Structure formats: structure tokens, C-alpha cells
Amino acid sequence: MKTFAIETWGCQMNHHDSERLTGFMKLTGLDAVEDSSGADVILLNTCSVRERPVHKILSRIGDLARTNPSAVIGVCGCVAQQEGESLLRRGSNVGFVLGPGQVQRVGEAIRALQQGRRTVFTGFDPEQEYCFHTIFRKSSTRGMVTVAEGCGEYCTFCVVPHTRGREVSRPFDEILAEVRLLVRTGMREVELLGQTINAYRCPASGADFAQLLDAIAREPGLARVRFITSHPRYFTDRLIEVMATHSHVSRYLHLPFQAGSNRILERMHRRYTREQYVDLINRIREAVPGVNISTDVIVGFPGEDESDFERTLNLLESLRFGQVFAFAFSARPGTPATRYRDQVSEEVKSQRLQRLFAVADRVSLELNEKLIGQHLQVIVDGDSRRSSSDWQGRSDGNRVVNFPKQGLTARVGDVIQVRITRASAHSLYGEAAVASSRLPVLGASVAPLAAPDSM
Ligand code: SF4
């Protein structure tokens, strides 16, 4: 065995776990390659939040048996935790199974393979140390940092508490040390990760997420800090105040509401009402003008009738989210919602999803069009996906912004002021308004070049 490749499905957490896996795999002496077709070991870092990805992963094991028959597969991530040992029977090419709580044992799994043994490592050990020094990050400008792992909310539709375990927060000082390390290595932006990040509590001092964010936002050298995913139940006034105080805290929030009907929210065990959610959004917008808020919505949850769904549509219209991640409900093994008898038909779910996207896209387009003519502060991520003659970056409000390279001396990680000239529902296009700058960053005596994505 000489080389390995990783294929990743799912959320930011999984993408960050792939960065952790890469670091540990490199320590085994194997070289990372991008293309699985010639790799000796292929890690499938899987997601089980919805049904379709699970099927895709199982069929991927079969595909690889045909296209790269000599490769050994390690199934990692949430499907590994959910399916466990049974995955070894899915194909003789499956060499090990490694749950998300066992990432640091991938080297052990490789050594066992080298001795001809197949292993299964699942479950969680809250005492296990988190090693951040070995993380191999793909981006040189934006570093993901885990704040807490798992979730203890037990929403009735969600597998995360089962596949990633109950929430375990990392120590405050350890997170700060990791952020400092990233800044020293030139990262401009830090993205803090947690399933319910604002439920964070330092296990040593009891410090909450507002205190952690405040400390991170004060780190000299950092251009921007962002965090996902927030739960409405834990969004405190103090957290709103920290966001309002620090201009380096991104004017972007991901705040799932899931359903617009209180009856459905209760069945989902979300533990807030529509009215409380609306009040929270209003308070955040008042304190942090221009904040871009995205959300998650589930359509066709068991028992959702037309009037429930219309309440969801109506909330989308009135709250005007920058981006909506919407999914049709899919029953996940072991979750209470699977047992509800009043399941909604696939046809109705699909129709509702289309209706919802029509509203969400129209609102996103309207919001983006209002940005035409404005100057946004954009951190350059790399080449645009559509054209190598354009740069692509993210605005303070986490909007994708493309702009031409021509006539601009810029590097990945630069902060550029871009004047927006065109808008679609999902991205913006503009032109650089000033020459590139390595500033402003926190601690520099330079005023911000541009306002947040205000409208
Ligand atoms: S808050 Fe609910 S939906 Fe989010 S990860 Fe936890 S259980 Fe899942």
C-alpha cells in the first residue's frame, strides 16, 4: 500500500473530518492522491443524514470493486457508525469501518490491514484527546476549527445524536491555541464548527460560546471568523452583542428553523415556537444590520398538512433568507419520526419542495439584486468555478462573489473591495474597486474597506 484517496459526502463537519483523516493517514507513510481510480486505500467519508446518500455510498463500494479491484476501502463517517460491522459484508474490498468518534484510530486500522486483519472502530469516548496538530487543511486561507462534536438535542428526525454522539465541547484554551496556530500559518479566516455551536460550554471553565467568539474575534491577524450551525434555543443576547461589537465576526448566520408551524415544530422536538424564532431574527437584524441569514427547512415531515406547509412558505416570504437549504423528510433508522404513522407521500413532498424552492430562489435573487452597485469586502478563495480568468471569493455575508483577474494583482487570501455589477439567486459578479490588500485585519490601523452586505 502506497497511496490513499478520500471521498467525502455531507456537511462541513465531515469535510473537516476528512482533513483530520488525511493528517493521520499521512503519518502512516501513505501518500495522498486526488483520484481514487489508482489509489491503494480509499476512504469513503460518509453521511447518513438523508437516505439517498446512504444508497449512493453502498453502490460506490460496488463500483470501486469493479473499477479499482485491488483497492481496500475504509468506510468512515456517519454510515460507518450507523451500520457498523455489517459493512464488512457489503464487499470483500471493505477493509475497515471507522465511526466519526474514532477518526484518530485510522492509523491503527491501516496497521491491522497490513497484518491482514479487518477492523471495526465505532462508538465514542469523551475522554479521548483531540489532536489538532496533525490536521491537514486543504484551504490555505480558511481554516475549519471544531468547537464541539456531536449533538444532544435529539430532534425527532435527526440521526446526528446517534451517529456523532452526544455533544462534547472542546476546552476553551485548546480552541484558542488552534486558532492562534492557524493565524500564525497565514489563515485569514476561521470557520468554527459545531452541530449546535452556540450550545458550547467549556468543560473546564463553563465559558459559553459568546465568550469564546469574543476571545477569538480579538485575535490579532484574523480577518474574519464565522460559525455554523446555530440553534435558535441557544442564541443569547450576549452572543448577539458579540456579533454586533466585532466587525471581524462575519455578517453571516446559519440558523435553521425547519418548519413554520408550531404543531410540526413540537413534533420535531425543536423546543422553540415560530413566534420565538421570528422575534430572535428581528433582534439579530436590529443589532447586526446587513446580516445575511440562511436556514434549513424540512418539507413533508410526518403529519404536515397544506396549512402547516403554507405557514412555512409564509415564514420564508416574511423573513427573507439569503439562502435556504431545503430537504424532503426522509425517515432515518432509529429516529422517532420513522415511527410516526401519518407519513406524507413522496409525490406531495416533491411538489412542496418545488414550491418552496421557487419562493426561496426568488427571495435570494431579490436580496442579491439589491447589492448591485454596492462595494463588498471579499476574501479571495481561488479561481472561479466557471472561468479561470475570474477570481472567486466570499463576502462578509458569505455570498459567493466572482470578479475578473484582469488588471488586478491579487493572491489567494487577499481582501478585495468588489463593486457588484450582476446578481443571480446564488452568486454575485463584480469588479475589483481597489488594488488588492493584505489588510485590513484585526489589529491593523486601517478602517474597513467596505460595509457588510448591507441592504
Ligand atoms: S439540533 Fe437537531 S437537527 Fe441539529 S444536529 Fe442536533 S438533533 Fe440534528
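Residues numbered from 1 in each chain as written. Predicted model: local features only at pLDDT ≥ 70, side-chain atom pairs only at ≥ 80, totals over all residues.

S.K.: What is the right way to read the overall build of the chain from this model?
M.R.: The secondary structure content of the chain amounts to 12 helices and 19 strands. Compactness check: the chain gives a C-alpha radius of gyration of 22 Å against a globular reference of 23 Å for 455 residues, within 12% of the reference. Principal axes of the C-alpha set define a box for the chain whose edges measure 60 × 55 × 50 Å. The buried share of the chain, taken over its 455 residues, is 46%. Looking at the chain alone, contacts between residues at least 24 apart form 72% of all its contacts between residues at least 6 apart. (Helix = DSSP H or I, 4+ residues; strand = E, 2+ residues; numbered from the N terminus. Rg over C-alpha atoms; globule rule 2.2 N^0.38 Å. Buried ≥ 20, exposed ≤ 12 C-beta atoms within 10 Å, placed from the backbone. Contact = placed C-beta atoms within 7 Å.)

S.K.: What is the right way to read the sheet that holds strand β16 (residues 390-395) from this model?
M.R.: The strands that make up a sheet are held in pairs by hydrogen bonds between backbone atoms, and each pair lies either parallel or antiparallel. Reading around the barrel, the five strands line up as β15-β16-β17-β19-β18 and close back on themselves, with mixed pairing between neighbours. Across the sheet, the mean angle from the axis of one strand to that of its neighbour is 50°, orientation sign disregarded. Two strands pair when backbone bridges link them, and β16 and strand β17 (residues 400-404) are joined in this way by five bridges, in the antiparallel orientation. Among the inter-strand pairings, Arg-394 is bridged to a residue of β17, identified as Val-400. (Pairing = 2+ DSSP bridges. Axes fitted to C-alpha atoms, helices over the stretch in contact; angles between N-to-C directions.)

S.K.: What is the right way to look at the nonpolar core in this model?
M.R.: Most often, soluble globular proteins keep nonpolar side chains buried together rather than apart. Counting residues in hydrophobic clusters, the biggest one holds 120 residues, and the most contacted among them are Ile-42, Val-75, Val-147, Val-190, Ile-197 and Leu-213. The greatest single-element share of this core, amounting to six residues, is contributed by helix α7 (residues 209-217). Apart from residues lying up to four places away in sequence, Ile-197 is in contact with Val-147, Ala-148, Leu-192, Phe-209, Phe-227, Ile-228, Thr-229 and Ser-230. (Core = buried A, V, L, I, M, F, W, Y, C linked by C-beta atoms within 7 Å.)

S.K.: For this particular structure, what's the right way to read helix α1 (residues 12-27)?
M.R.: One turn of the α-helix equals 3.6 residues, which is why residues spaced by three or four share an orientation. Here α1 spans 23 Å end to end across 16 residues, near enough to the 22 Å set by a 1.5 Å rise per residue. Of the residues one or two after α1, Gly-29 is the one with positive phi, at around 95°. (Expected span 1.5 Å × (residues − 1).)

S.K.: Honestly, the pairing of strand β19 (residues 428-432) in this entry has me stumped. Any pointers?
M.R.: Two faces belong to every sheet, and in a regular strand the side chains alternate between them. Sheet topology places β17 next to β19; two bridges connect them, and they run parallel. Looking at the pairing, Val-401 lines up with Leu-428 of β19. The pairing of strand β18 (residues 415-423) with β19 spans five bridges and is classified as antiparallel. Its bridge partner being in β19, Ala-423 is matched across the sheet by Leu-428. Linkage of β18 to β19, two consecutive antiparallel strands, is achieved through a turn of four residues.

S.K.: Where do I start with the domain arrangement of the chain in this structure?
M.R.: Interface extent is often summarised as the accessible area lost during association of the parts. Annotation of the chain at the domain level lists domain 1 (3-121), domain 2 (142-369) and domain 3 (371-455). Measuring from the centre of the C-alpha atoms in domain 2 to the corresponding centre in domain 3 gives 25 Å. Facing 25 residues of domain 2, the contacting portion of domain 3 comprises 23 residues. For the side of domain 2 that touches domain 3, the secondary structure elements donating two or more residues are β11 (224-228) and α12 (346-369). If you tally residues by element for the side of domain 2 that touches domain 3, the top one is α12, at six residues. A breakdown of the residues in the side of domain 2 that touches domain 3 according to their chemical character gives seven nonpolar, 10 polar and eight charged. (Domains from an automatic or database assignment. Nonpolar A, V, L, I, M, F, W, Y, C, P; charged D, E, K, R; others polar.)

S.K.: I tried to follow the sheet that holds strand β13 (residues 292-299) on my own but got confused; where do I start?
M.R.: Reading across from one edge, β12-β13-β14 is the order of the three strands in this open sheet, with parallel pairing throughout. The open sheet is flanked by β12 (252-254) and β14 (323-328), the only strands paired with a single partner. Averaged over all adjacent pairs, the angle separating strand axes in this sheet is 15°, with direction ignored. Contacts from α12 reach β13 and β14 within the one sheet, and its direction differs from that of β14 by about 175°.

S.K.: How should I be thinking about the pairing of β13 in this particular structure?
M.R.: Of all eight residues that make up β13, seven are buried, and the element is covered over most of its length. Looking at chain direction, β12 and β13 are connected through three bridges and run parallel. Across the sheet, the residue bridging to Tyr-252 is Asn-292, located in β13. Strand direction decides the pairing type here: β13 and β14, joined by six bridges, are parallel. Each residue of the ladder has a partner; that of Ile-298, found in β14, is Phe-327. Running through helix α11 (residues 306-319), the crossover from β13 to the neighbouring parallel element β14 is right-handed. (Right-handed = clockwise from strand over helix to strand, strands pointing away.)

S.K.: Looking at this model, I keep getting lost on the environment of Asn-398. Mind explaining?
M.R.: Relative to the elements of secondary structure, Asn-398 occurs in the loop between β16 and β17. Sequence-wise, Asn-398 and Phe-24 are 374 residues apart; in three dimensions their C-alpha atoms are separated by 30 Å. Setting aside residues up to four positions removed in sequence, Asn-398 forms contacts with Arg-226, Ser-250, Tyr-252 and Asn-292.

S.K.: Looking at this model, I keep getting lost on helix α2 (residues 51-67). Mind explaining?
M.R.: Its 17 residues give α2 an end-to-end C-alpha distance of 25 Å, which sits within 8% of 24 Å, the value for a rise of 1.5 Å per residue. Regarding α2, the residues found buried are Val-54, Ile-57 and Leu-64. Down the axis, α2 shows its buried residues gathered within 80° of arc, on one side only. In α2, the exposed positions angled more than 90 degrees off the buried face are occupied by Arg-52, His-55, Ser-59, Gly-62, Asp-63, Arg-66 and Thr-67. Summarising the contacts, the buried residues of α2 are in contact with β3 (41-46), β4 (72-76) and α3 (77-83). (Arc of directions from axis to C-beta.)

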